[in-house]
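One letter stands for each residue in the lines below.
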Amino acid sequence: QPVALAPLLAQTMPMLDTLCRRHGVEVQLGALPGSVMADATRLRQVLLNLLSNAVKYNRPGGRVQVEAEAQGAERLIRVTDTGLGMSAEQLRDLYEPFNRLGRQSEGPEGVEGSGIGLAIVKALMDRMGGSVRAHSTPGVGSVFELRLADAAPLPVAGQAPAVPAAAAQPPRPDAGTAAAARGTLLYIEDNPVNALIVSELIARRADLRLHIAADGRSGVQRALELQPDLVLLDMQLPDFDGHEVLRRLRAQPALATVPVIALSANAMPDDIARALRAGMTDYW
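Residues numbered from 1 in each chain as written. Predicted model: local features only at pLDDT ≥ 70, side-chain atom pairs only at ≥ 80, totals over all residues. Heavy atoms only, no water.

A look at the overall build of the chain
- When its secondary structure is counted, the chain shows ten helices and twelve strands.
- Residues classed as buried in the chain amount to 44% of the 284 residues present.
- Counting only contacts in the chain whose residues sit at least 6 apart along the sequence, the fraction spanning at least 24 positions is 70%.
- About 14,200 Å² of surface is accessible on the chain, with carbon and sulfur atoms providing 53% of the total. (Helix = DSSP H or I, 4+ residues; strand = E, 2+ residues; numbered from the N terminus. Buried < 20%, exposed > 50% of the residue type's maximum accessible area, 1.4 Å probe, protein only. Contact = heavy atoms within 4.5 Å. Areas by Shrake-Rupley, 256 points an atom, 1.4 Å probe, with all protein chains shown as cover.)

A word on the confidence of the model for the chain
- With 83% of its residues at a pLDDT of 70 or more, the chain shows a mean pLDDT of 85.
- The secondary structure element of the chain with the lowest average pLDDT is helix H6 (residues 175–180), at 44, and the one with the highest is strand E11 (residues 260–262), at 97.
- Predicted confidence is poor over residues 154–179, with pLDDT under 50, and the contacts of this stretch with residues over four places away or in other chains come to 29 contacts. (pLDDT = per-residue confidence, 0-100.)

Remarks on the pattern of salt bridges
- Applying the stated criterion to the full structure yields 13 salt bridges.
- With a shortest N-O distance of 3.5 Å, Glu-74 and Arg-147 are connected by a salt bridge. With Glu-74 in strand E5 (residues 74–81) and Arg-147 in strand E7 (residues 141–149), this residue pair connects regions lying 73 residues apart in the sequence.
- Asp-126 is the partner of Lys-122 in a salt bridge, and the nearest nitrogen-oxygen pair spans 3.1 Å. Taken as a pair, Lys-122 and Asp-126 lie in helix H5 (residues 117–127) at a separation of four residues, close to a single helical turn.
- Note on Asp-126: relative accessible area 44%, which makes it partly exposed. (Salt bridge = Lys/Arg side-chain N within 4 Å of Asp/Glu carboxyl O.)

Describing the sheet that holds E5
- As summarised here, the arrangement of the five strands in space is E2-E4-E5-E7-E6, forming an open sheet in which the pairing is mixed. Of all the strands in the sheet, just strand E2 (26–29) and strand E6 (131–137) have a single pairing partner and so form its edges. Across the sheet, the mean angle from the axis of one strand to that of its neighbour is 20 degrees, orientation sign disregarded.
- Direction of pairing for E5 relative to E7: antiparallel, over a ladder of seven bridges. Across the sheet, Arg-78 pairs through a bridge with Glu-145, a residue of E7. (Pairing = 2+ DSSP bridges. Axes fitted to C-alpha atoms, helices over the stretch in contact; angles between N-to-C directions.)

What to know about unusual backbone geometry
- Look at Gln-227: it is not a glycine, yet its phi comes out positive at around 50 degrees.
- Within the secondary structure layout, Gln-227 lies in the loop between helix H8 (216–226) and strand E10 (230–233).
- Relative accessible area serves as the criterion here: at 38%, Gln-227 is assigned to the partly exposed category.

A closer look at the sheet that holds strand E12 (residues 282–283)
- Strand order in the open sheet formed by five strands is E9-E8-E10-E11-E12, and the pairing between neighbours is parallel. Strand pairing shows two members of the sheet lacking a second neighbour, strand E9 (208–213) and E12, which therefore form its edges.
- Inspection of the sheet shows strand E8 (residues 183–188) paired to E9 by six bridges, in the parallel sense. Across the sheet, the residue bridging to Ile-188 is Ala-213, located in E9.
- The strands that H8 touches are E8 and E9; relative to E8, the one it contacts most, it runs at about 170 degrees.
- Sheet strands in contact with helix H9 (residues 242–250) are E8, E10 and E11, and its direction is about 160 degrees off that of E10.

In structure tokens, the structure reads:
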């Protein structure tokens with residue numbers, strides 16, 4: 001359906017705040033006129049993957065610019081960064097799943113990631129009838145170009161909006177929705193793409209309220225404030241790991257019995273067994 005670009009990016013930006021602060025990188029929105037034919041949720045996932053990479057592989061004080069323009073029957077969305085850049089050899093392998101292009105060892109602690117983000121980007125753009133192309137210069141930066149069919153002007157008053165309401169940061173419940181809500185969930189997760197996926201799933205349940213914390217310290221604090229019915233916990237967080245989060249939760253009498261489920265890509269049997277021994281309710 002028609003998806004307006006400016007509102008979509010405005011909904012996406014708050015999900016990058018923590019990552020931008022951690023890496024000292026600024027994301028700037030340029031002109032984003034018009035709309036494209038796309039799936040709004042999947043396009044937001046594509047943009048989150050590209051913007052997350054542009055921030056993580058940038059330099060302190062670096063910038064990321066997002067802009068769009070019409071080109072014939074298509075609309076071009078351009079993501080430009082001032083980061084590390086890539087060689088011609090790296091560009092050839094760019095969309096190969098699990099290929100980190102040698103970047104997992106960059107910097108003193110490496111750059112976190114699984115190497116599937118760009119493969120997902122390409123697959124989703126193909127499925128939406130679009131394309132993705134990258135240009136890069138080592139030491140200067142990279143440009144990713146997304147092309148999608150241009151859409152007719154958006155509907156006017158009385159017709160459905162093109163972009164669904166953002167689910168990444170659930171709206172504060174009013175009196176009616178608060179009364180209907182039966183469960184409060186806290187998701188402790190620093191990856192904005194993962195947060196988006198879980199948010200979209202929970203948005204289908206009007207009886208559940210989801211809150212997201214982007215690191216272990218704020219997650220423990222939010223748990224104390226919310227007294228949630230369930231905690232979903234990433235095992236790799238920027239300040240400390242899931243085991244330390246669990247230890248701090250269990251040290252609080254009010255949180256000692258709250259179910260905590262690990263939600264992680266660390267799926268080796270030893271990782272799962274250790275977490276369950278430590279007191280995780282389950283490991284997904």
